[in-house]
Amino acid sequence: MSWLDKVRNSLSSLAKSDTPDTLWMKCPSCGEMLFAKDFEANLSVCTKCEHHGRIGAKTRFDQLLDAGYTVLAAPKVPENPLNFRDTKKYPDRLKAARAANPYPDALTNALGTIEGAKAVLGVQDFKFMGGSMGMAVGEAFVAGVNTAIAENCAYVICTAAGGARMQEGILSLMQMPKTTVATRRLAAAGLPYIVVLTDPTTGGVTASYAMLGDVQIAEPGALIGFAGQRVIQDTIREKLPDGFQRAEYLHAHGMVDMVVHRKDLKGTLAMLLGYLARKEVA
Amino acid sequence: MSEYNVVSSPSGDDGTDWMSMISFLDFEKPIAELEARIAELRATADGSALDIDSEIGKLEKKSAGMLAATYAKLTPWQKTQVARHPQRPHMVDYLRLIFTDFVPLAGDRTYGEDAAIIGGLATLDGRKVMLIGHEKGHDTPSRIKHNFGSAKPEGYRKAIRLMQMASKFGLPVVTLVDTAGAFPGIEAEERGQAEAIARSTEACLALEVPMVAAILGEGGSGGAVAIAAANKVLMLEHSIYSVISPEGASSILWRTSDKAADAATAMKVTAQDLLALKVIDAIVPEPTGGAHRDPAVTARALADALCRELSVLAAYTPAEIVRQREDRFLAIGSR
């Protein structure tokens, strides 16, 4: 972070944005120099190679929800329950992540409509401590689902996470069954649960709510898996196949319903909600 | 069905003196040295010299005292080593020691049979249950057969099948957890390791029958929780349960391989820590020096603890059983 960002982030009156504020940027996939405004206008997809860039909650809400949505308040959870420190104290890591991001943890929900169809949309932000799932993410997931049940609408989530938040130890692991309780309740209410797997989604997040959708969508090229590639390579000592754990690979192996380009995502979600939405009770 | 009960086991069935073959861990070195001296004295004594006998008695007392003192204050990293002790009793040992009339059930009906997870119908102190658990194996051939207790998707899908069968026939589910983690491999990813774990966790939560899980040695991450989302969760006194191995946390958070001991402490992986955090419900005591020094006594304590929980849960209606399990996990991390 530059000194300017630090100063800017310390001024709470300035709205924090989760998009780059530099003029030019380099595509992380093909290396093409892109005019940042063009990249953003193209939904953060590279105009040359179609690489889907990682985007935060605010940008995602704007891309997928109709204007006039409401961002839901983040539930309060106990912070630093293990009094954890590695090379840094966990509260210091949280503070730094909050200074650099618009929302207080890695999963944020908004209530709105997708081409007119009501839905709660949850977005995980990889920029917030790798999108990692701790108690705040688990609790936000449950809250998002509860709002969907109360509003009698679908819960749609865009996942992005390296996995569980290690700084919360076993309590992060326990978010796997906890979020699964929520998906079961949504199912019991007869409401749709749609998962959009974005780059990257791995570890305990993939092994819980990210794989339990009624419909599983993946963004092109997204890394999706349970184990990390280095761990696999260290275990089996073989070269990993081309495209291993990428969205298209998961599609070929029957793990996702479809790989959808970002420009078609909103329309696809709207169509799915049209089919799956709960019929109004007379 | 007795032939199924005779599964590979490191215990003293064959008449060997188990205690004399104990492998000592690094931190047990002073005890190992003392035990070696006792054995040496015994070899020279041949029962004739009384003063040697009394010397042996003194040393044995000292050794027992050192063992008790060491095990009373094991660090989280030492507990990790005890939990992974090569002679620590496994699923198959408990199966032989406390369960009877075991009928093994195999296969996921989709792809294959995964011996990293063993399952079947079993009887525990007169109670008919569905038993599911990880098996690591105890020597090279059996470790390969059981893939060191690291299950692939078909293992979890077998667990799902057996849990659903248990629910259908009103049998309580007992799971014995002992895995370093789900298998990280190409074919496991290809066949949907993440989905299999997620669905297995979901199957636990859907059970309309009581479910009790016990962590025997290692409760390694998602591979453990997939069969441990139970009404009651127990841990053996020196077992560990963790989101990632201490070594893994060391390499990711400290970016070095030698901070595993610090990581084990920081992550709070011990049964005692997890009871305090209310993640588990009870601790099953182990004999002084760990479960491997007396598998039969450990197994009896485990059976008693399992039966205690099953008796309490037997009074619940199916709706109450589901609700209690849901509330248990919803409470973790909410204010």
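Note that the structure is predicted; figures quoted are calculated from it, not measured.

1. A few points about the packing of helix α7 (residues 153-169) of chain B against helix α9 (residues 193-206) of chain B
All names here are of chain B.
Working step 1: One way to put it is that α7 packs onto α9 with a least axis distance of 8 Å and a crossing angle of 20 degrees. Classified by the angle their axes make, α7 and α9 are roughly parallel. Considering how the two elements wind past one another, α7 and α9 form a crossing that is left-handed. Residues P153, Y156, R157, A159, I160, M163 and Q164 of α7 form the contact with α9, whose own contacting residues are Q193, A196, I197, R199, S200, A203 and C204.

2. A short note on the domain arrangement of chain B
Working step 1: Under the domain assignment, chain B is made up of domain 1 (23-73) and domain 2 (80-330).
Working step 2: Partitioned by chemical class, the residues of the side of domain 1 of chain B that touches domain 2 of chain B number 4 nonpolar, 1 polar and no charged.

3. Side note on the nonpolar core
Working step 1: Ranked by size, the top nonpolar core spans 164 residues in total, and within it Y155, I194 and L197 of chain A together with V173 and A214 of chain B carry the most contacts.
Working step 2: When residues of this core are assigned to their parent elements, the largest contribution, 9 residues, is made by helix α5 (residues 135-151) of chain A.
Working step 3: Once residues within four sequence positions are removed from consideration, V173 of chain B is found in contact with V129, M130, I132, M163, A166, L207, V209 and M211 of chain B.

4. Regarding the environment of G225 of chain A
Working step 1: For G225 of chain A, the location among the structural elements is in the loop between β8 (215-218) and α9 (229-236).
Working step 2: You can call G225 of chain A buried: it has 24 C-beta atoms within 10 Å.
Working step 3: Once the C-alpha coordinates of G225 of chain A and G162 of chain A are considered, the two residues, 63 residues apart in sequence, prove to be 9.7 Å apart.
Working step 4: Residue contacts for G225 of chain A: discarding those within four places in its chain leaves T202, T206 and Q245 of chain A together with E189 and A194 of chain B.

About the criteria used
- Residues numbered from 1 in each chain as written.
- Chains lettered and ligands numbered in written order.
- Predicted model: local features only at pLDDT ≥ 70, side-chain atom pairs only at ≥ 80, totals over all residues.
- Axes fitted to C-alpha atoms, helices over the stretch in contact; angles between N-to-C directions.
- Helix = DSSP H or I, 4+ residues; strand = E, 2+ residues; numbered from the N terminus.
- Parallel < 35°, antiparallel > 145°, perpendicular 65-115°, else oblique.
- Left-handed = near helix turned anticlockwise from the far one by under 90°.
- Contact = placed C-beta atoms within 7 Å.
- Domains from an automatic or database assignment.
- Nonpolar A, V, L, I, M, F, W, Y, C, P; charged D, E, K, R; others polar.
- Core = buried A, V, L, I, M, F, W, Y, C linked by C-beta atoms within 7 Å.
- Buried ≥ 20, exposed ≤ 12 C-beta atoms within 10 Å, placed from the backbone.

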